[in-house]
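Close look at the chain arrangement
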Amino acid sequence: MAFSELVSFFFTMYLLLPTPISSNNISLSPEELAQIPVNFLDLAKKPDVFDWMVGIRRKLHENPELSFEEFETSKLIRAELDQMGIPYTYPIAVTGIVGYIGTGGPPFVALRADMDALAMQELVEWEHKSKVPGKMHACGHDAHIAMLLGAAKMLQELRHKLLVFSFFLFCFIKLICVHGQIGTVVLLFQPAEEGWGGAKKMLDAGVLKNVEAIFGLHVSPAYPIGTVASRPGPLTAGSGRFAAVISGKGGHAAIPQQTIDPILAASNVIVSLQHLVSREADPLDSQVVTVTKFQGGGSFNVIPDSVSIGGTFRALSKESFAQLRQRIEEVITMQARVQRCNATVTFNENGKPFYPVLVNNKDLHEHFRKVAGDMLGFQNLKVMLPLMGAEDFSFYAEAIPGYFFCLGLDDKTKGTFELEHSPLFRINEDALPYGAALHASLAMRYLLENQPESTSLKGSFHDEL
Ligand SMILES: [Zn+2]
Ligand SMILES: [Zn+2]
């Protein structure tokens, strides 16, 4: 270990030493707490962390896998966790992994990365282009994995150093091993974010048992590098899919009186569906109903027996979402009946779950603001408007306090960064250290500031010294 590293290591050690102790907070001064995110960012930018993250991200980018098929991705992550000596549980939700760093005791704080790619052809020509035709990491989940592994590496190295150092520092051994202080960071690598609700499967498997808070991030070309964006309260919409078959009676196009025309009925259904948002919803309560599928007929002179339609609906509150679902079903069936047709409506075909509204916890918003502000400067925290897009992190945030934010990618000096799901989507790899350091800092500061009262060292720590 070089001298400068030793100095910074001792400084970090000093920061983590819990003196003096208060009832449920390891009382570091505000300046000392503020230094933690800065130290993690410095560490994440060092070549042994940065280059390593870039290497992992590129490997993943070359080998994208779709939802619930992330077998090689999961294998690579497990190999890295093995290398770092981080214990984990596998498989969860087919390919998911849950890793643990820390004392194994409370408090537990979780960090999440998603693993799946999209079924689309990459059009970016570069050295590490997707090697799998028709599949691409076009939503940045390869970067999410690399950043969470980067955070894991930094936290785990810190823990190793803590344990080695604590050999010479009896009080720290007592702190870590006897009293179970500091806590545990839970690493969630989840499958199938892209429409399949992998988070729900992870949740159903009990991965958040005992976990007090969870953080997640998404890379975003909409914001400059070195900035983050989020908001307290609703961030992304609750989202569902509907499909309907509208059945009439087919026949000759020139003798319509002998048919029951499902094309006309379906057209009226679609127009009526538009009234749900424009006439029934509060204009200040954002909602979307979009019909994206209309299939029926195959001839110029034949009225078909039936027509299939389908689409998506979104809302920013649970109540509005439930209301929309009910009204979509009523409008389709009743409007079809007006035209003498029958309609059957189904929601979320193929067993895909509805995504709930993603609601950011207000207390965690304050925690995020402090940590990210200390790292990036408060002027680099952007306020984000809610999106009508959906993100399955919402399943976690519905179950326990959760917080999700966007990490800026954009850098005009490096060309244009297209939005997610574009075949021209690129990652600005300079953003990797920011994501890794934010993950590590959010978790570490959460643990330091939320020590359980029952295992508090109040009094005893100093007495034993
Ligand atoms: Zn996506
Ligand atoms: Zn995504």
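Residues numbered from 1 in each chain as written. Chains lettered and ligands numbered in written order. Predicted model: local features only at pLDDT ≥ 70, side-chain atom pairs only at ≥ 80, totals over all residues.

1. Some words on the overall build of the protein chain
In terms of regular secondary structure, the protein chain is built from 13 helices and 16 strands. Taking all 465 residues of the protein chain together, 44% fall into the buried category. Restricting the contact set of the protein chain to residue pairs at least 6 apart, pairs at least 24 apart contribute 79%. (Helix = DSSP H or I, 4+ residues; strand = E, 2+ residues; numbered from the N terminus. Buried ≥ 20, exposed ≤ 12 C-beta atoms within 10 Å, placed from the backbone. Contact = placed C-beta atoms within 7 Å.)

2. Quick look at the sheet that holds strand β3 (residues 108-114)
Pairing is mixed in the open sheet, where eight strands are placed in the order β1-β2-β4-β3-β5-β16-β6-β15. With one partner strand each, in any of the chains shown, β1 (88-92) and β15 (381-383) form the two edges of the open sheet. With strand direction ignored, the average angle separating the axes of adjacent strands in the sheet is 25°. The pairing of β3 with strand β5 (residues 211-224) spans five bridges and is parallel. Along β5, the bridge assignment pairs Leu-111 with Phe-215. Across the sheet, helix α10 (residues 362-376) touches β5, β6 (228-230), β15 and β16 (402-410), and the angle it forms with β16 is around 30°. (Pairing = 2+ DSSP bridges. Axes fitted to C-alpha atoms, helices over the stretch in contact; angles between N-to-C directions.)

3. Some remarks on unusual backbone geometry
A cis amide bond links Tyr-90 with the next residue in sequence, Pro-91, at an omega value of -10°. Note on placement: Pro-91 falls in strand β1. For the bond from Pro-106 to Pro-107, the omega torsion is -5°, close enough to zero to count as cis. One can find Pro-107 in the loop between β2 (96-102) and β3.

4. Considering the sheet that holds strand β8 (residues 238-247)
Across the sheet, which stays open at both edges, the four strands sit in the order β10-β12-β8-β13 with antiparallel pairing between neighbours. Only two strands of the sheet have a single neighbouring strand rather than two, namely β10 (287-295) and β13 (342-347). Each neighbouring strand pair of the sheet contributes to a mean axis angle of 20°, computed without reference to strand direction. Against the sheet, helix α9 (residues 318-338) contacts β8, β10, β12 (306-315) and β13, and its axis sits at roughly 155° relative to β13.

5. Regarding the packing of helix α8 (residues 262-280) against α9
Taken N-terminus to C-terminus, the directions of α8 and α9 make an angle of 145°; their axes are 9 Å apart at the nearest point. Relative to α9, the crossing made by α8 is right-handed. Touching Ala-265, Asn-268, Val-269, Ser-272, Leu-273, Leu-276 and Glu-280 of α8 are Leu-324, Arg-327, Ile-328, Val-331, Ile-332, Gln-335 and Ala-336, all from α9. (Left-handed = near helix turned anticlockwise from the far one by under 90°.)

6. Description of the packing of helix α2 (residues 30-45) against helix α12 (residues 432-449)
Two quantities define a packed helix pair, namely the angle between the axes and the distance from one axis to the other. At a minimum axis distance of 8 Å, the contact between α2 and α12 shows a crossing angle of 145°. Like other packed secondary-structure pairs, α2 and α12 cross with a definite hand, here right-handed. For the pair α2 and α12, contact is made by Leu-33, Ile-36, Pro-37, Phe-40, Leu-41, Ala-44 and Lys-45 and by Pro-433, Tyr-434, Ala-436, Ala-437, Ala-440, Ser-441, Met-444 and Arg-445, respectively. Considering only residue class, the contact of α2 with α12 consists of 12 nonpolar, one polar and two charged. (Nonpolar A, V, L, I, M, F, W, Y, C, P; charged D, E, K, R; others polar.)

7. Thoughts on the UniProt feature "transmembrane region" (unreviewed entry) in the protein chain
Per the UniProt record, "transmembrane region" (unreviewed entry) is annotated on residues 88-111 and 162-182. Split by type, residues 88-111 is 0% helix and 67% strand. Its first and last C-alpha atoms lie 14 Å apart. (UniProt positions renumbered as here; feature names shortened; annotations may be inferred.)

8. A word on helix α4 (residues 71-84)
Note that an α-helix has 3.6 residues per turn; residues three or four places apart therefore point the same way. For α4, built from 14 residues, the straight-helix expectation of 20 Å at 1.5 Å per residue is met to within 8% by its first-to-last C-alpha distance of 20 Å. Considered for burial, the residues of α4 that qualify are Thr-73, Ser-74, Ile-77 and Leu-81. Seen from one end, α4 has its buried residues packed into an arc of 95°, which puts them on one side. Residues of α4 that are exposed and point more than 90 degrees away from the buried face comprise Ala-79, Asp-82 and Gln-83. (Expected span 1.5 Å × (residues − 1). Arc of directions from axis to C-beta.)

9. Let's talk about the pairing of β8
Across the 10 residues that make up β8, a large majority, seven, are buried. With 10 bridges joining them, β8 and β12 adopt antiparallel strand pairing. The partner of Ala-244 across the bridge, within β12, is Ile-309. Across six bridges, β8 lies against β13 in antiparallel orientation. Within β13, the residue paired with Ala-243 across the bridge is Thr-346.

10. A word on the environment of Thr-312
Turning to its location among the elements, Thr-312 is positioned in strand β12. For Thr-312, a count of 16 C-beta atoms within 10 Å gives the class partly exposed. In this structure Thr-312 touches Ser-239, Arg-241, Thr-290 and Thr-292, once residues within four positions along its chain are discounted.

11. Section: the environment of Lys-129
For Lys-129, the position within the fold is in the loop between β3 and α5 (141-167). Residues Lys-129 and Lys-59 lie 70 residues apart in sequence; the distance between their C-alpha atoms is 9.7 Å.

12. Observations regarding the environment of Ala-138
Along the chain, Ala-138 turns up in the loop between β3 and α5. C-beta crowding within 10 Å serves as the criterion here: with 28 such atoms nearby, Ala-138 is assigned to the buried category. Considered as a pair, Ala-138 and Asp-116 are 22 residues apart in the sequence and their alpha carbons are 9.8 Å apart.

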